[in-house]
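Structure at a glance
What follows is the residue order along each chain.
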Amino acid sequence: MNCLSLCWKENSSKLFVQKFPMKCSVLIFAAAIFCIVQKINSHDDECPIILSRFQWRAQESNYVYYQTIPVDKVIIIWLDDFTCKGSFECRRVVKSLQYEHIFKYKMPDIAFNFIIDDNGYVYEGTGWHRRGFHTTGHNRNSIGIAFIGRKSEDTVPSEEALHVLVELLECGIRQGKVSLEYKLYAQRQLCYQSNNPSDAFYSVIQELPHWTGD
């Protein structure tokens, strides 16, 4: 770190349905249409679905540094101490990361632009337009992407998670957020007091598009 839904409780939902069946039906139908449209749009753009800050209940940034896009540098970090399995559990992990970064490390917000879990879900951190706080000396004009979900020096993120990483960056290029000639780094290449990510994951990163040994 030095380098650095609609959701009702079961009882209340039953009460709502009993008292307001028509309103409930309309609400559920509207929510279903919204989800379908979102799915269609994401499919058309060939972009992964990104869970917004609202969806993982992020608190507001203390202050914001905006950056110029498209960015020309992407930095990969692996948080193998932060394990989770399902989406609900991983959302809690992302929220705990933000809490730690703000209250323990005195950062303005969560350190990373995006977080990817082992199921292939993407979580919006500071996003495309706002600077992250992930790699000292390299936060300007860069995107920091952290992986969570597994804990072992002998393994790497899942194939699905790695596939989503490539999809996210290709989406960023199409939307003008990431330079066509961006360079991909592991954090350990830019922060010499860090050995993150592990040797096994670093070997995989070197096979990804746009990796550079500079």
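Note that this is a predicted model, so its numbers are computed, not measured. (Residues numbered from 1 in each chain as written. Predicted model: local features only at pLDDT ≥ 70, side-chain atom pairs only at ≥ 80, totals over all residues. Heavy atoms only, no water.)

Details of the overall build of the chain
Convention followed: Numbering of helices and strands runs from the N terminus, with a helix taken as a DSSP run of H or I at least four residues long and a strand as a DSSP run of E at least two residues long. Partly exposed residues are those whose accessible area sits between 20% and 50% of the maximum for their type, while under 20% is buried and over 50% is exposed, using a 1.4 Å probe and protein chains only.
Secondary structure summary: the chain contains six helices and six strands in total. Listing each helix as α and each strand as β along the chain from the N terminus yields α-α-β-β-α-β-β-β-α-β-α-α. A total of 214 residues make up the chain; the buried ones form 44% of that total.

Details of empty space enclosed by the protein
Our working rule: Site definitions follow a grid-based scheme: protein atoms alone, a 1 Å grid, a 1.4 Å probe that fits but cannot get out for cavities, and for pockets an open set with protein on both sides within 12 Å along at least five of seven lines, plus lining residues having an atom within 4 Å of a point. Grid points are joined across faces, edges and corners, and a volume is the space filled by probe spheres set on the points. Gly falls in the polar group here, along with every residue not listed as nonpolar (Ala, Val, Leu, Ile, Met, Phe, Trp, Tyr, Cys, Pro) or charged (Asp, Glu, Lys, Arg).
What the largest cavity holds in volume is close to 40 Å³. Around the largest cavity, the lining residues are Ser61, Tyr63, Val64, Tyr65, Asp109, Thr126, Arg130, Arg131 and Phe133. Of the residues in the lining of the largest cavity, the class split is four nonpolar, two polar and three charged.

A word on unusual backbone geometry
In this model, Ile69 is joined to Pro70 through a cis peptide bond whose omega is 5°. Within the element layout of this structure, Pro70 appears in the loop between strand 1 (50–51) and strand 2 (71–83). Cis geometry is found at the peptide bond from Asn196 to Pro197, where omega equals 0°. Even without a glycine there, the phi angle at Lys106 is positive, about 60°. Mapped onto the elements, Lys106 comes out in the loop between helix 3 (87–103) and strand 3 (114–116). Within the chain, Asn141 stands out as a residue other than glycine whose phi angle is a positive 55°. The topology assignment puts Asn141 in the loop between strand 4 (122–124) and strand 5 (142–149). Classification of Asn141 by relative accessible area gives partly exposed; the value is 25%.

Notes on the state of the cysteines
Test applied: The rule for a disulfide is simple: a pair of cysteine sulfur atoms within 2.5 Å.
In total, this model carries two disulfides according to the counting rule given. Note on cysteine connectivity: Cys84 is disulfide-linked to Cys90, with sulfurs 2.1 Å apart. Residues Cys84 and Cys90 share a disulfide whose torsion about the S-S bond is about 100°; that sign makes it right-handed. Cys90 shares its class with Cys84; the two are buried.

Topic: the nonpolar core
To keep it simple, the criterion reads: Buried residues of nine kinds, namely Ala, Val, Leu, Ile, Met, Phe, Trp, Tyr and Cys, make up a nonpolar core once their side-chain atoms join them within 4.5 Å.
Ile76, Ile116, Ile145, Phe147, Leu165 and Leu184 are the most contacted members of the largest nonpolar core, which has 25 residues in total. For this core, the secondary structure elements donating two or more residues are strand 2, strand 3, strand 5, helix 4 (159–174), strand 6 (178–186) and helix 6 (199–205). It is helix 4 that provides the largest number of residues to this core, a total of six residues. By size, the runner-up hydrophobic cluster in this structure holds 21 residues, among which are Val94, Phe133, Ala146 and Leu190.

Some thoughts on the pattern of salt bridges
Note the cut-off: Every case where a carboxyl oxygen of Asp or Glu lies within 4 Å of a side-chain nitrogen of Lys or Arg is listed as a salt bridge.
Counting across every chain of the model gives two salt bridges. Here Asp109 makes a salt bridge to Arg53, at a shortest N to O gap of 3.0 Å. Of this pair, Asp109 sits in the loop between helix 3 and strand 3 while Arg53 sits in the loop between strand 1 and strand 2, and the two are 56 residues apart along the sequence. Since its relative accessible area comes to 1%, Asp109 is described here as buried. Residues Arg188 and Asp199 are paired through a salt bridge, measuring 3.0 Å at the closest nitrogen-oxygen approach. One end of the pair, Arg188, is in helix 5 (residues 187–190); the other, Asp199, is in helix 6, and 11 residues separate them in sequence. The class of Asp199 is exposed, set by a relative accessible area of 53%.

Points about the packing of aromatic side chains
Condition: A pair of aromatic rings is counted whenever rings of Phe, Tyr or Trp (Trp by its six-membered ring) have centres within 6.5 Å, and the orientation is called stacked for planes under 30 degrees apart, edge-to-face for over 60 and tilted otherwise.
Counted according to the given criterion, the structure contains seven aromatic pairs. Ring centres of Tyr63 and Tyr65 lie 5.4 Å apart, and the angle between their planes is 85°; this geometry places the pair in the edge-to-face category. The exposure class of Tyr63 is partly exposed, given its relative accessible area of 44%. Ring geometry for Tyr99 versus Phe103: centroids 4.6 Å apart, planes at 40°, classification tilted. Pair noted here: Tyr99 and Phe103 are both in helix 3, with a separation of four residues, about one helical turn. For Tyr99, a relative accessible area of 54% corresponds to the exposed category. The exposure class assigned to Phe103 is partly exposed, which follows from its relative accessible area of 42%. Pairwise contacts between aromatic rings join Tyr63, Tyr65 and Phe133 into one cluster.

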